[in-house]
Amino acid sequence: MAIIHAHRLRKTYPSGSTHVVALDDVSFDVQQGDFVVIAGRSGSGKTTLLNMLGALDRPDSGTLKVAGQDLLSMGEAERANFRLWHIGFVFQAYNLIRVLTARENVAYVLQLQGKPSRERLKAADAWLAEVGLEGMGDRRPDQMSGGQQQRVAVARALAMSPSLVLADEPTANLDTHTGGELIRLMRRINEKNGTTFVIASHDPAVIDAAHTLIVMQDGRIEQSVCRD
Amino acid sequence: MSAVAMGVISLIFLWGFNDGVHNTMMRNLQEVIVGSIQIHAKGFFRKPSLQDTLEDVPSLLELLDRMHVQRVAPRLRAFALAAGRETSEGLVVLGVDPRLERTVTRLQEKLDRGRYLEEMDRASCILGQTTARNLGVDVGDEIVLLTEDRYHVLAAEKFRVIGIIASGEMGIDRGLAIIPIRFMQAWLDMGQQISGLVLQLPPERLEAVTAALRQHLDQRFEVLRWYDMYPMMKQWVELENGFYYIFLSIVLVIVAAGIANTVLMSMLDRIHEFGVMMALGCSRLRLAGMIVLESVLLGVAGMAAGCLAGLALVSWFGRHGIDLSAQMDTVSRFYVDPVVHTQIDTDHLLVTLGAVLLAAALAAIWPAVRVARLQPVEAMRHV
């Protein structure tokens, strides 16, 4: 079953007196439980596409359905609600809330979902343990390494039980070893829980881990490979 | 937060000063001569007449006793021509019960020289200092009072001046002679009749007792509160309070600007964070609400600190007073004490605190609108 259905997506951005085409006629489907990597050079449109899939940005034209919902027909409040219940984000720069502890960062999305305090803290601890950060829940982001922070970000993305996890260059700020560990963690969770991952990256280690590889260039899909 | 606290401290202190002056003025007016409530025959206050006496006084006293009104004194009032050593002057003759009058007014505290009336006094009188000066008399001298008795028969009597009052109030210092009520009743052939009763009450009982008396007493009586008789004082206090409300509004604008600046700077500092929160699913409305809540909490914290410090200040000056005798040469006439003891009325405190909270909430509107307009992708790019 397709969790993502994208058809002829197009997005342009104004740049001075002209327009830069960020996405041009992009069409693809992603199946439930897949581990997809969108590869390509910087400026190829990976992040723009990820922002579309995560309801953070809108295409100028095309059709986009995620988890059975038409993202283009949604208003801002509906899109925020959609992100809250369906999309887990992992960002390149971790983007943890710096004044919160690791546990509170993970629990924050559950708070937005309206879960009771005890339940969300318990779930946060369980997800921190799942990503290998057991006992580190009281640390703040500035007391953790980059790899640890990115694991917290993964735990935060997964804690909300999303339909889809979107990760934008998750290993870009990590050393090779830590990046490899992180990608193995995501792959393990994908296989264990059946969570769908779509990762934008040009890191060879991430590309190697892909089940489906979509290669982009100049805003277009150049190649789409499924490794069965 | 310190700006809010300073604003609240200054507002509370200014209200404390204002209320201290006003409450003293109103209390002095009541305690020096007027009392809290006066009961007369209907129409007496507007057109005083010796013939319009209070009926059924024993039942009235019984009713007041049942209402637990303990501080009650009778008065008899007439107009007379006073002749002194040099000249004559028209004045109001007020017959008072020396013992009971002490329970309702503090006239005796305003004596400049001589002594106050005592139970056994007969043809003795107390004059205001202006009247005494006009008549050319002093303590120990005699004056003659000429008036009509109950039956419109001319009555004249010689009185010895036993005390001179210097209150600073024109209505007391000029045109008033105070004599023992029993002697006055006998002199003017009044029997036991009186013109009215003066009641002294704590301020919080004033309205309830007035309402109860008006309900119980029939059309033969008039029940007047101090400000029904002398509305100018209350109107002046309300006018001054009006000025203070304008001042309050100005200070609140400054407080709101301070809070708005703090909240806006804090908001601009966290744009990236807000972008992340929006990406995670936090709605614009929730983010805007968070900004307003932060602002209100800032207001509450500043308000709590300012309130504690302000009330401590008011309490300290309430006990020790602020001595303005050097600056109060002229205003001391208007029932103002030269030493101001600060005190704040609960309603003024609550209005001030409520207004600060409202200002804090209003100050957050613009930062909240700016947060609600953020686009998550652009906000996350913000460093």
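Whatever comes next refers back to the structure up there.
On a predicted model such as this, the values are computed, not experimentally measured, just so you know. (Residues numbered from 1 in each chain as written. Chains lettered and ligands numbered in written order. Predicted model: local features only at pLDDT ≥ 70, side-chain atom pairs only at ≥ 80, totals over all residues. Heavy atoms only, no water.)

**Q** Help me out: how do you make sense of the nonpolar core in this one?
**A** Nonpolar side chains tend to gather and get buried jointly when the protein is soluble and globular. If you look at the biggest cluster of nonpolar residues, it comprises 120 residues, and the most contacted ones within it are Ile-4 and Val-198 of chain A. Residue contributions to this core peak at 9 residues, all from helix α9 (residues 231–269) of chain B. By size, the runner-up hydrophobic cluster in this structure holds 74 residues, among which are Ile-33, Val-72, Val-93 and Ile-165 of chain B. (Core = buried A, V, L, I, M, F, W, Y, C linked by side-chain atoms within 4.5 Å. Buried < 20%, exposed > 50% of the residue type's maximum accessible area, 1.4 Å probe, protein only. Helix = DSSP H or I, 4+ residues; strand = E, 2+ residues; numbered from the N terminus.)

**Q** Would you explain the side chain of Glu-273 of chain B in this entry?
**A** Within the secondary structure layout, Glu-273 of chain B lies in helix α10 (residues 271–279). When its relative accessible area of 10% is taken as the criterion, Glu-273 of chain B is described as buried. For Glu-273 of chain B, the residues in contact, after removing those within four places along its chain, are Ile-97 and Arg-98 of chain A. (Contact = heavy atoms within 4.5 Å.)

**Q** Is there a simple way to explain the pattern of salt bridges in this structure?
**A** Pairing is possible between side chains of opposite charge, provided their charged atoms come close. All names here are of chain B. If you walk through the whole model with that rule in mind, you get 33 salt bridges over all chains. Salt-bridge contacts for Arg-113 lead to Asp-138; the nearest nitrogen and oxygen are separated by 2.9 Å. Placement of Arg-113 in strand β4 (residues 111–114) and of Asp-138 in the loop between α4 (129–135) and β6 (142–148) is noted, with a sequence separation of 25 residues between them. For Arg-113, a relative accessible area of 31% translates into the label partly exposed. The residue Glu-238 makes a salt bridge to Lys-234 at a minimum N-O spacing of 3.6 Å. (Salt bridge = Lys/Arg side-chain N within 4 Å of Asp/Glu carboxyl O.)

**Q** I'm lost on helix α6 (residues 176–193) of chain A in this one. Help?
**A** All names here are of chain A. Given a rise of 1.5 Å per residue, 18 residues ought to cover 26 Å, and the 26 Å separating the end C-alpha atoms of α6 matches this to within 8%. Those residues of α6 that sit buried are Thr-178, Gly-179, Gly-180, Leu-182, Ile-183, Leu-185, Met-186, Ile-189 and Asn-190. For α6, the N-terminal capping position is held by Asp-175, with its side-chain oxygen 3.1 Å away from the main-chain nitrogen of His-177. With its phi angle positive at about 75°, Gly-194 sits one or two positions after the end of α6. (Expected span 1.5 Å × (residues − 1). Polar contact = N/O pair within 3.5 Å; in protein donor to acceptor, adjacent residues only side chain to side chain.)

**Q** Would you explain the packing of helix α12 (residues 346–363) of chain B against helix α13 (residues 365–372) of chain B in this entry?
**A** Residues and elements named next belong to chain B. At a closest axis distance of 5 Å, the pairing of α12 and α13 adopts a crossing angle of 30°. Compared by their axis directions, α12 and α13 come out roughly parallel. Contacts between α12 and α13 involve Ala-361, Leu-362 and Ala-363 on the former and, on the latter, Ile-365, Trp-366 and Pro-367. When the residues that make up the contact of α12 with α13 are grouped by side-chain class, the tally is 6 nonpolar, no polar and no charged. (Axes fitted to C-alpha atoms, helices over the stretch in contact; angles between N-to-C directions. Parallel < 35°, antiparallel > 145°, perpendicular 65-115°, else oblique. Nonpolar A, V, L, I, M, F, W, Y, C, P; charged D, E, K, R; others polar.)

**Q** Just to check I follow, could you spell out the pairing of strand β2 (residues 18–31) of chain A for this structure?
**A** When a strand is regular, its side chains alternate between the sheet's two faces. All names here are of chain A. Judged from the 10 bridges that link them, strand β1 (residues 2–15) and β2 form a sheet pairing that is antiparallel. Following the sheet pairing, His-5 is matched in β2 by Asp-29. The antiparallel pairing of β1 with β2 creates a hairpin that spans 2 residues between the two strands, and Gly-16 there sits at a positive phi of about 65°. (Pairing = 2+ DSSP bridges.)

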